[in-house]
Amino acid sequence: MRAAVIIVFAIWCALPLVWMVLSAFKTNVDINNASKLLVFTPTLKNFETILASSNLGEAAMNSLVVAIGSTALAVVLGLPAAYVIARYSMNRTAFALLVIRMLPGIIYLIPWYIIFTRIGLVGSYASLILSHLVIVMPMTIWIMMGFFATVPRELEEAASMDGLTRPQAFVRIVLPVVRSGIATAALLSFIFSWNQLLFSMVLGSSRLKTLPVALFDFIGYASIDWGGLMAAAVLMSLPIFLFSIFAQRHIVAGLSAGATKG
């Protein structure tokens, strides 16, 4: 019974992805024809059109820069914060971070826009990277807290006896122990930043479009180019999908370790 429920749930979750991939190889006429839901003549015209006429290449590079920048900052700043919270049992701080992560992003949008407008950063990489930190950094800290809590204090005490300072012990002893957690947190942070739409749409510019924003070019006032939109969505999802497959073992191992030992 449980296996049947899991299978049904998996199929339900996979249906939108299957529809997206199939629609990417259909014409707009076939997409709107219910009789050709599964049986149709595949075409690469949608991919040829978007690669020839859209700015997806530039948008992909912008998304890559922003995602890598925000992920790197989240890891560099989040690891020490997670370590301190875990070591000193700062439960109130941990709860505050959880609340920050659960709040909708639109709450932060107006303050960010006002601040970045006054200092002249709207439409820059800096504004997008810093704004994405609101999403990815609390998640990085929350994930890593469980991993740091599993590191025995005896390791740091032994390092102290060997002459290492607390920062040196953190870098040389603690971080190698939790490297699977770091990989997990970094990958999830990258995915969330890569898929972020709201901040990129408002704080970006016409010259600084990320991939989620570039997809709106296929939505017109009177009609929607469903074929081009689905093809662009497939290209946007493909890097994350492939990377997640290759890193699946590390992700599962990292999340399982944090859940069972944290």
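Residues numbered from 1 in each chain as written. Predicted model: local features only at pLDDT ≥ 70, side-chain atom pairs only at ≥ 80, totals over all residues. Heavy atoms only, no water.

1. Some remarks on the overall build of the chain
Broken down by element type, the chain carries 14 helices and zero strands. Counting from the amino terminus, helix and strand elements in the chain follow one another as α-α-α-α-α-α-α-α-α-α-α-α-α-α. The principal-axis extents of the C-alpha atoms in the chain amount to approximately 70 × 60 × 30 Å. Burial status across the chain gives 40% buried among its 262 residues. In the chain, the share of contacts with a sequence separation of at least 24, taken over all contacts with a separation of at least 6, comes to 74%. Counting only carbon and sulfur atoms, one obtains 71% of the accessible surface of the chain, whose full area is about 15300 Å². Both charge centroids of the chain, one from 16 positive and one from 9 negative side chains, sit 6 Å from each other. (Helix = DSSP H or I, 4+ residues; strand = E, 2+ residues; numbered from the N terminus. Buried < 20%, exposed > 50% of the residue type's maximum accessible area, 1.4 Å probe, protein only. Contact = heavy atoms within 4.5 Å. Areas by Shrake-Rupley, 256 points an atom, 1.4 Å probe, with all protein chains shown as cover. Lys, Arg positive; Asp, Glu negative; His and termini not counted. Charge placed at Lys NZ, Arg CZ, Asp CG, Glu CD.)

2. Focus: helix H9 (residues 166-177)
Since the α-helix advances by 3.6 residues per turn, residues separated by three or four positions end up pointing in the same direction. Taking 1.5 Å per residue as the helical rise, H9 with its 12 residues ought to reach 16 Å, and the 15 Å between its terminal C-alpha atoms agrees with that figure. Considered for burial, the residues of H9 that qualify are Ala169, Phe170, Val174 and Leu175. Taken end-on, H9 shows its buried residues confined to a sector of 155 degrees, consistent with a single buried face. Here the buried face of H9 lies against helix H4 (56-87), helix H7 (125-149), helix H8 (153-161) and helix H10 (179-194). (Expected span 1.5 Å × (residues − 1). Arc of directions from axis to C-beta.)

3. What about the side chain of Asn62?
Assignment of secondary structure puts Asn62 in helix H4. Of the polar contacts made by the side chain of Asn62, one reaches the side chain of Tyr125; its length is 2.6 Å. (Polar contact = N/O pair within 3.5 Å; in protein donor to acceptor, adjacent residues only side chain to side chain.)

4. Topic: the environment of Ile11
With respect to the helices and strands, the residue Ile11 is situated in helix H1 (residues 2-24). Judged by its relative accessible area of 48%, Ile11 falls in the partly exposed class. Sequence separation between Ile11 and Gln196 is 185 residues; the distance between their C-alpha atoms is 25 Å.

5. Some details on the confidence of the model for the chain
Counting all residues, the mean pLDDT for the chain is 84, and 92% of those residues have values of 70 or more. Ranking the elements of the chain by mean pLDDT puts helix H14 (residues 248-261) last, at 58, and H4 first, at 91. Confidence over residues 258-262 falls short of pLDDT 50; this stretch has five contacts with residues more than four positions distant or in other chains. (pLDDT = per-residue confidence, 0-100.)

6. Focus on the layout of surface pockets
In this structure, the largest pocket occupies an estimated 300 Å³ of space. Contributing elements (two or more residues each) for the lining of the largest pocket: H1 and helix H13 (226-246). Per element, the largest residue contribution to the lining of the largest pocket is six residues, and it comes from H13. Taken together, the residues that form the lining of the largest pocket break down as nine nonpolar, two polar and no charged. (1 Å grid on protein atoms, 1.4 Å probe; cavity = no way out; pocket = protein on both sides within 12 Å on 5 of 7 lines; lining within 4 Å. Points joined across faces, edges and corners; volume = space filled by probe spheres on them. Nonpolar A, V, L, I, M, F, W, Y, C, P; charged D, E, K, R; others polar.)

7. Concerning the packing of aromatic side chains
The tally for this structure, following the rule as stated, stands at six aromatic pairs. Residues Phe190 and Trp194 carry aromatic rings whose centres are separated by 5.8 Å and whose planes lie at 25 degrees to one another, so their mutual orientation is stacked. Highlighted residues: Phe190 and Trp194, both in helix H10, separated by four residues, approximately one helical turn. Neither Phe190 nor Trp194 differs from the other in exposure class; each is buried. One aromatic cluster in this structure is built from Tyr83, Phe148 and Phe170. (Phe/Tyr/Trp six-rings, centres within 6.5 Å; stacked < 30°, edge-to-face > 60°.)

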